[in-house]
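Letter by letter, the chains look like this.
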Amino acid sequence: MAYIELKDVTYTYPLADRPSLSHVDLKIEKGRFYAVIGANGSGKTTLCNLIRGFIPEFYQGELLGEVIFDGKPLSEYDSGDLAWRIGYIFQNPFNQITGARDTVFAEIAYGLENMGLPVCQIRERVNSVMETTGIADLKDKNPFELSGGQQQRVAFASVLVLEPDVFVIDEPTSQLDPRETKRVFDIIDGMKAMGKTIILVEHKMELVARYCDEVIVLSNGKLVCTGEKHDILSRVELLDDGVMLPQAVLLADTLRKQGRPIQGNPITLSEILPLLSKQIGFAGKEG
Amino acid sequence: MPGHNVIANLYPLTKFYMAVVLMAVSFMLPGIASKLICFLFINALAAASGVWSVFIRRELETVGVLFLILFVIQTLFYPDARRILFTFWIFSVKYEGIMFALNLGLMLLCAGGSLIWFFAVTKQKDFVLSLEKAGMSPKASYVVLSTLQIVPVLRRKSKTIMNAQRARGVETEGGVLTRAKVFLPTMIPLVLSSIAGTEERALTLEARGFSSSRTPTHLEDIKATPADKVAVILITVAFVALIAGRMALWLI
Amino acid sequence: MPIIEFRNVTFAYPNGYSAVENLSFSVEAGARIAILGQNGAGKTTTVKMMDGLLRPSSGKVLIDGEDTREHTTAQMSKIAGYVFQNPDDQIFHNTVGEEIAFGPKMLKLDADTVEEQSKWAATICGLDGQMEENPYDLPLSARKIVTIASVLAMRTRIVILDEPTAGQDYRGLNRLGAILEELTNRGVTVITITHDMQFAAEHFSTFFVMAHKKLLRTGTAKEIFQDQALLDESMLERPFASELALQLGLGADICTREELAKRLLAGGGMKP
């Protein structure tokens, strides 16, 4: 049985005239890394809110269908305690600083305090998560005085420290520069290595192609397709749904249209490189 | 803020009790002399807690200014004054006015001073935590703490917004009228983005288990010690003695 | 006469911390320039000096021949329009239409011109159908486009964009590309700060590379992406096509996917 399952889910926000998601059936397996892609307004954030249970717990509106998590409907969980099972991180770094605490260390510890963990264990866990997220040197800083990228890493640390099984991450890098983006993806890669289930909304296709396992494509509130990343990302027709595709796929498509198809479904630079050098043969020798 | 000072290290609620008692006393004391003694006592208390310089600066900046204004106005314009001390130009200095100003002013110095002393020796977050432990809702304590944190952030943000509006032709450099016109273009984005921020911050709190039913622990916990018991008893005894003394004087 | 000229410009905050040092460059009218560099390199400080939001601590900034120190920001905004990174710092009207019309109104243009310029800006930004909507009901990426339209409606001769691609999807990126085309056709000078090397390579011909408060180099895409030492120092990565071409040994002068495909197809060596 799937770890998380959406069964014919349709959801309409209050006052909205049409559903943000309609008739979505989706299965998410434990320990896999899913990327959710699609145009803005296609329902990606709504999907995140559903899986985390913020819909219907926090957002009213009309919800049909059911979300199952680890064997029982989400509605049967104590919503206050879902934080320990499903971690949630989103786009705006600034709004993910709670404001309840005045140092980075205390900010990260805040969730564990709410969890009621003994103080010595809190210290241990916070120290270790600050190492893995590379923010140990920010320990005593006021979280509001950090750069966006640093705040986003504090947000990751604050959720990571709760050790949830699932991470729902909504466009974490759209406001960050390439260096900070890389650091965030290193953290996500670390989560994957820990065997966590990850659901990530991301526009940067090169990163999607490189890091994730599975891809979920949404368009206009509908699930277009889902599956292994090579199968999905090489579907050039997705461009018509406003979905960006990796550069390697677009290059392969141009070559295919000119009558020079590439074998296989390369989606990253390191995948297309050997295929090209094998096929063009002359690479680096004549040039 | 001092690290090992005995008074400063008392439990926030003990210090708060002290401040409240001092305020009550300053309202209760009869004459200028007794109020002056009370004010000197608060100064001594601040010095003993190791925060006198902070205390006196804040006291002068706030209540001190009020005292000065009060003194000038009452001295010169006290109605129905009988004793005129001296007169210069169109002003006359009135004895009753001076006495009234000193009485009221010293009372304010004492009452305000006790609060200023309290906040000088108590971290706001410790005070809030002690209130939470005494039964205040965690939601209320979150609101207080986050407001304290977010005010400086909003101040910075309004500066950015003002720059963004200047860049599209809103004149911010100039007289009162010019600056009044800037009000809407800067306030609306500030308020709207704060509202949008509130929703996301609520989700952030949920994601940190804010509404969990578990009993929270506290990383920087504070506990009342035997010293607090002693302090509370001493303060109470002194307070009761003062009331008794005041009533005795009354009766006699 | 260049439309933007920096003469030995240094900017330092009152506390003495400098953000850019000894910048000297000039930009000809109608140029389209991408400023590249990591955060903290001094990019935003540099563009803020172009519309008088910041004024140089030493040296001179001349915009269309005017010294920015002698004018208020609001006056400079008639020449240089600046779209801030965060749209929420800017939007304050109930409808997209009013928001866009605000800039031209501030310029005290007559009602017909305000209408005409707003319509033009809305059209090239693809907002025609959303003029009555509340900007805050739109997603962040769309609000960014609204703020771009609001600045374009002022018809300034210089347009400065700070991270326009952040959070944009495929259609948003295409829209930005079209906006740049329209501006260039009208002879508008465009200065863009961007981290998106792919977007920069596809839409810009001139690059300013900044690192540690200095302008390291100005040049074409080919020049920049062939300069390994420069890329190392500024910690920039080549766009996909350029990196792949280099690794294939096809030479480092390829910057876009189209160029690479052409080279691969023309290279002759490709087996059918």
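The structure we're discussing is the one just above.
A brief report on the enclosed structure follows. (Residues numbered from 1 in each chain as written. Chains lettered and ligands numbered in written order. Predicted model: local features only at pLDDT ≥ 70, side-chain atom pairs only at ≥ 80, totals over all residues. Heavy atoms only, no water.)

1. A word on the overall build of chain A
(1) Moving on: The secondary structure content of chain A amounts to 10 helices and 10 strands.
(2) Moving on: The C-alpha radius of gyration of chain A comes to 21 Å, within 12% of the 19 Å expected for a compact globule of 287 residues.
(3) Moving on: For chain A, the C-alpha atoms occupy an extent of roughly 65 × 45 × 35 Å along the three principal directions.
(4) Moving on: Of all 287 residues assigned to chain A, the portion counted as buried reaches 61%.
(5) Moving on: A sequence separation of at least 24 residues applies to 62% of the contacts in chain A between residues at least 6 apart.
(6) Moving on: Here chain A has roughly 10900 Å² of accessible surface; of this, 47% comes from carbon and sulfur atoms. (Helix = DSSP H or I, 4+ residues; strand = E, 2+ residues; numbered from the N terminus. Rg over C-alpha atoms; globule rule 2.2 N^0.38 Å. Buried < 20%, exposed > 50% of the residue type's maximum accessible area, 1.4 Å probe, protein only. Contact = heavy atoms within 4.5 Å. Areas by Shrake-Rupley, 256 points an atom, 1.4 Å probe, with all protein chains shown as cover.)

2. Brief notes about unusual backbone geometry
(1) Moving on: Of note, the amide linkage connecting A:I55 to A:P56 takes the cis form, showing an omega dihedral of 5°.
(2) Moving on: Within the fold, A:P56 resides in helix α2 (residues 54–57).
(3) Moving on: Positive phi, close to 45°, is recorded for A:D8, a residue that is not glycine.
(4) Moving on: Considering the arrangement of structural elements, one finds A:D8 in strand β1 (residues 4–12).
(5) Moving on: A relative accessible area of 36% means that A:D8 is categorised as partly exposed.
(6) Moving on: Phi angles above zero are rare outside glycine, and C:D64 is one such case at about 50°.

3. Some points on the interface of chain C and chain B
(1) Moving on: Counting residues at the interface gives 25 residues for chain C, matched by 19 residues for chain B.
(2) Moving on: The largest per-residue losses of area from chain C upon contact with chain B belong to C:A74, C:D89 and C:F92, which jointly make up 30% of the total buried on that side.
(3) Moving on: Joining chain C to chain B, the criterion identifies 2 salt bridges.
(4) Moving on: Here B:K157 ties to C:D89 by a salt bridge, and the two come within 3.0 Å at their closest N and O atoms.
(5) Moving on: Inspection of the chain C/chain B interface yields 6 residue pairs in polar contact (both at pLDDT 80 or more).
(6) Moving on: Of all the elements in the fold, those that place two or more residues in the side of chain C that touches chain B are α2 (73–76), β6 (80–83) and α3 (96–106) of chain C.
(7) Moving on: The greatest single-element share of the side of chain C that touches chain B, amounting to 4 residues, is contributed by α3(C).
(8) Moving on: When grouped by side-chain class, the residues that make up the side of chain C that touches chain B number 11 nonpolar, 9 polar and 5 charged. (Buried area = accessible area lost by both parts, 1.4 Å probe. Salt bridge = Lys/Arg side-chain N within 4 Å of Asp/Glu carboxyl O. Polar contact = N/O pair within 3.5 Å; in protein donor to acceptor, adjacent residues only side chain to side chain. Nonpolar A, V, L, I, M, F, W, Y, C, P; charged D, E, K, R; others polar.)

4. Section: the packing of aromatic side chains
Residue and element names in this part refer to chain B.
(1) Moving on: Evaluated as defined, the whole model comprises 25 aromatic pairs over all chains.
(2) Moving on: Summarising the aromatic geometry, the rings of F16 and F127 are spaced 5.0 Å apart at their centres and angled 45° between planes, so their arrangement reads as tilted. Linking F16 in helix α1 (residues 12–28) with F127 in helix α5 (residues 124–133), this pair joins segments that are 111 residues apart in sequence.
(3) Moving on: Overall, the relative accessible area of 28% leaves F16 in the partly exposed class. (Phe/Tyr/Trp six-rings, centres within 6.5 Å; stacked < 30°, edge-to-face > 60°.)

5. What to know about the pattern of salt bridges
Once their charged atoms are close, side chains differing in charge can pair, the charge on each being opposite to the other.
(1) Moving on: Applying the stated rule across the entire model yields 33 salt bridges over all chains.
(2) Moving on: Where B:R168 meets C:E99, a salt bridge forms, and the shortest distance between an N and an O atom there is 2.8 Å. With B:R168 in the loop between α6 (138–166) and α7 (176–207) and C:E99 in helix α3, this pair bridges two chains. In this structure, B:R168 and C:E99 share a single accessibility class: buried.
(3) Moving on: A salt bridge links C:D67 to C:R69; the shortest N-O distance between them is 4.0 Å.
(4) Moving on: The buried category is assigned to C:D67, whose relative accessible area is 9%.
(5) Moving on: When salt bridges with common partners are traced through the structure, they connect A:D70, A:R85 and A:D165 into a single cluster.

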